[in-house]
Amino acid sequence: MKDWKKAVLKDSATMREAMETIDRSSLQIVVIVDGKNRLKGTVTDGDIRRGILRGLPFSVSVKLIMREKPKSAKDDQTREEILGLMKQKKIRQIPILDNEGKVVGIEVLDELLTAPSRGNWVVLMAGGFGTRLRPLTDAVPKPMIPIGQKPILETILENFIEYGFKNFFISVHYKDHVIRNYFGDGSRWGVRIQYLSEDERRGTAGALSQLPKNPGEPVFVMNGDLLTKINFSQLLNFHAEHKLAATMCAREYDFQVPYGVLTLEGHCIKSIDEKPTQKFFVNAGIYVLEPRALRVIPRKKFYDMPQLFKDLMAKGDATAAFPIREYWIDIGHLRDLIRAHGDFGASY
């Protein structure tokens, strides 16, 4: 059992404190207790992200997002009994209580403590021209621009490898030989890399029609010009927990209107909101797709990922947004590249 006491918070804590505790702890859960250390609830990464989607500020009480009356086990139960309960209830962490209902430990399924070997395919989209970063992209594709002493695409690849992913496809088009020559078959990283070659641009989803067969597990798709520290295991768990056909990662985007905004009723001014900030959730370029979702994609046709989600929703398939609260940056302009260099300890 890990140092579970670091994952315990009083019920007077805030949502921000719960988030920070989850990030620090390897247990991926926060156990909420009262002043006498009695169990009041639990908070997981999914609970925090659902709070973000509800628009809750990080300063709110943890009580607003915690799961009340969570499953628990007794300290006199055997390890086999506890693991059996966790598998039966399909839960990954469980508080351990004494006879007075006080928390005396937290048990976590072993596979969460180490990165398992995952069979899911990962498709990295690296076929774009990167025109907004010319002349840098005159020589190499945008995903091959070095940041922090290695290409963007290599950082993405290694992030997935850390979470146990081994099977990769890279969609290539513009200057594809640069990518092929650098990554080869993936053996240098102990993984398998195959290539989806586009004779013409087919959009962010169209290239998926070239996958050699229909996979047996959900497929990750990610743009090859993103840098993020997202937890891919949590994303996959979210997708499975909600039984989704497709999950789109979403990033909160703030936009401040530089003028006073009027609310009108006819020609009468009812209110004036001076330079308000609008908040939106925007597509973050990372997706998880069920095999059945891939069958919707037409062959040899330009087809973007937003259109896939629209078509799935029109069919009545379940789709959802997974809010990213971790580091994320899209290398779209020179200013983004400069910022990324600073974030990764290099100078441009």
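The following paragraphs examine the structure supplied in this document. (Residues numbered from 1 in each chain as written. Predicted model: local features only at pLDDT ≥ 70, side-chain atom pairs only at ≥ 80, totals over all residues. Heavy atoms only, no water.)

## Quick look at the sheet that holds strand S1 (residues 8–10)
Ordered in space as S1-S2-S3-S4, the four strands form an open sheet in which the pairing is mixed. The sheet terminates laterally at S1 and strand S4 (67–68), the two strands that pair on one side only. Across two bridges, the pairing between strand S3 (residues 39–44) and S4 is antiparallel. Counted as the bridge partner of Thr-42 is Arg-67 from S4. In the packing of helix H2 (residues 45–53) onto the sheet, contacts are made with S3 and S4, and the angle to S3 comes to roughly 75°. (Pairing = 2+ DSSP bridges. Helix = DSSP H or I, 4+ residues; strand = E, 2+ residues; numbered from the N terminus. Contact = heavy atoms within 4.5 Å. Axes fitted to C-alpha atoms, helices over the stretch in contact; angles between N-to-C directions.)

## As for the packing of helix H1 (residues 15–24) against H2
Taken N-terminus to C-terminus, the directions of H1 and H2 make an angle of 140°; their axes are 10 Å apart at the nearest point. By the criterion of interaxial angle, the relationship of H1 to H2 is oblique. Here the hand of the crossing between H1 and H2 comes out left-handed. Only Asp-45, Ile-48, Gly-51 and Ile-52 of H2 make contact with H1, whose side of the interface consists of Met-15, Ala-18, Met-19 and Ile-22. Counted by class, the contact of H1 with H2 contains six nonpolar, one polar and one charged residues. (Parallel < 35°, antiparallel > 145°, perpendicular 65-115°, else oblique. Left-handed = near helix turned anticlockwise from the far one by under 90°. Nonpolar A, V, L, I, M, F, W, Y, C, P; charged D, E, K, R; others polar.)

## Side note on the packing of aromatic side chains
Under the counting rule described, the total for this entry stands at 13 aromatic pairs. Ring plane angle 90° and centroid distance 5.7 Å describe the contact between Tyr-163 and Phe-232, whose orientation is recorded as edge-to-face. On the criterion of sequence distance, the pair formed by Tyr-163 in the loop between helix H5 (152–162) and strand S11 (165–172) and Phe-232 in helix H8 (residues 232–241) is long-range, its members being 69 residues apart. Between the aromatic rings of Tyr-182 and Trp-189, the centroid separation amounts to 6.3 Å while the plane-to-plane angle is 35°, which identifies the pairing as tilted. Taking the relative accessible area as the measure of exposure, Tyr-182 reaches 30% and is therefore partly exposed. Trp-189 sits in the buried class, given a relative accessible area of 14%. Linked through ring pairs, Phe-160, Tyr-163, Phe-165, Phe-168, Phe-220 and Phe-232 together constitute an aromatic cluster. We note Arg-188 situated over the ring of Tyr-182; from NZ or CZ to the ring centre the distance is 5.2 Å. It is Lys-229 that lies over the ring of Tyr-327; its NZ or CZ is 5.7 Å from the centre. (Phe/Tyr/Trp six-rings, centres within 6.5 Å; stacked < 30°, edge-to-face > 60°. Buried < 20%, exposed > 50% of the residue type's maximum accessible area, 1.4 Å probe, protein only. Lys NZ or Arg CZ within 6 Å of the ring centre and 35° of its normal.)

## Things to note about unusual backbone geometry
One can expect most non-glycine residues to show negative phi and most peptide bonds to be in trans. Backbone geometry places Lys-243, a non-glycine residue, at a positive phi of 55°. With respect to the element layout, Lys-243 can be found in the loop between H8 and strand S15 (246–256). By relative accessible area, Lys-243 is classed as exposed at 66%. Phi angles above zero are rare outside glycine, and Lys-275 is one such case at about 50°. Tracing the backbone through its elements, the reader meets Lys-275 in the loop between strand S17 (268–274) and strand S18 (277–289).

## A look at the side chain of Asp-98
Checked against the element boundaries, Asp-98 lands in the loop between strand S6 (93–97) and strand S7 (103–108). The buried charged residue Asp-98 lacks any salt bridge, with Lys-102 as its nearest oppositely charged partner at 5.9 Å. (Lys, Arg positive; Asp, Glu negative; His and termini not counted. Salt bridge = Lys/Arg side-chain N within 4 Å of Asp/Glu carboxyl O.)

## With respect to the sheet that holds S7
Pairing within the open sheet is mixed, and its three strands lie in the order S5-S6-S7. Looking at strand neighbours, the two that pair on one side only are strand S5 (73–74) and S7, the edges of this open sheet. Both S6 and S7 contribute to a ladder of five bridges, which runs antiparallel. When the bridges of S7 are listed, Ile-94 appears paired with Glu-107.

## Details of a nonpolar patch on the surface
There is a patch of nonpolar side chains on the surface, built from Leu-262, Leu-264, Ile-269 and Ile-272 and spanning about 400 Å² of accessible area. The set of elements that each furnish at least two residues to the nonpolar patch consists of strand S16 (260–265) and S17. Along the chain, Leu-264 turns up in strand S16. (Patch = residues over 30% accessible without salt bridge, like charges linked within 9 Å, V, L, I, M, F, W, Y side chains within 5 Å. Areas by Shrake-Rupley, 256 points an atom, 1.4 Å probe, with all protein chains shown as cover.)

## A closer look at the packing of H5 against helix H6 (residues 176–183)
At a minimum axis separation of 11 Å, H5 and H6 run at an interaxial angle of 45°. Classified by the interaxial angle, the pair formed by H5 and H6 is oblique. As for how H5 packs across H6, the hand of that crossing is right-handed. From H5, Leu-153, Glu-154 and Leu-157 reach across to H6, where they touch Ile-179, Tyr-182 and Phe-183.

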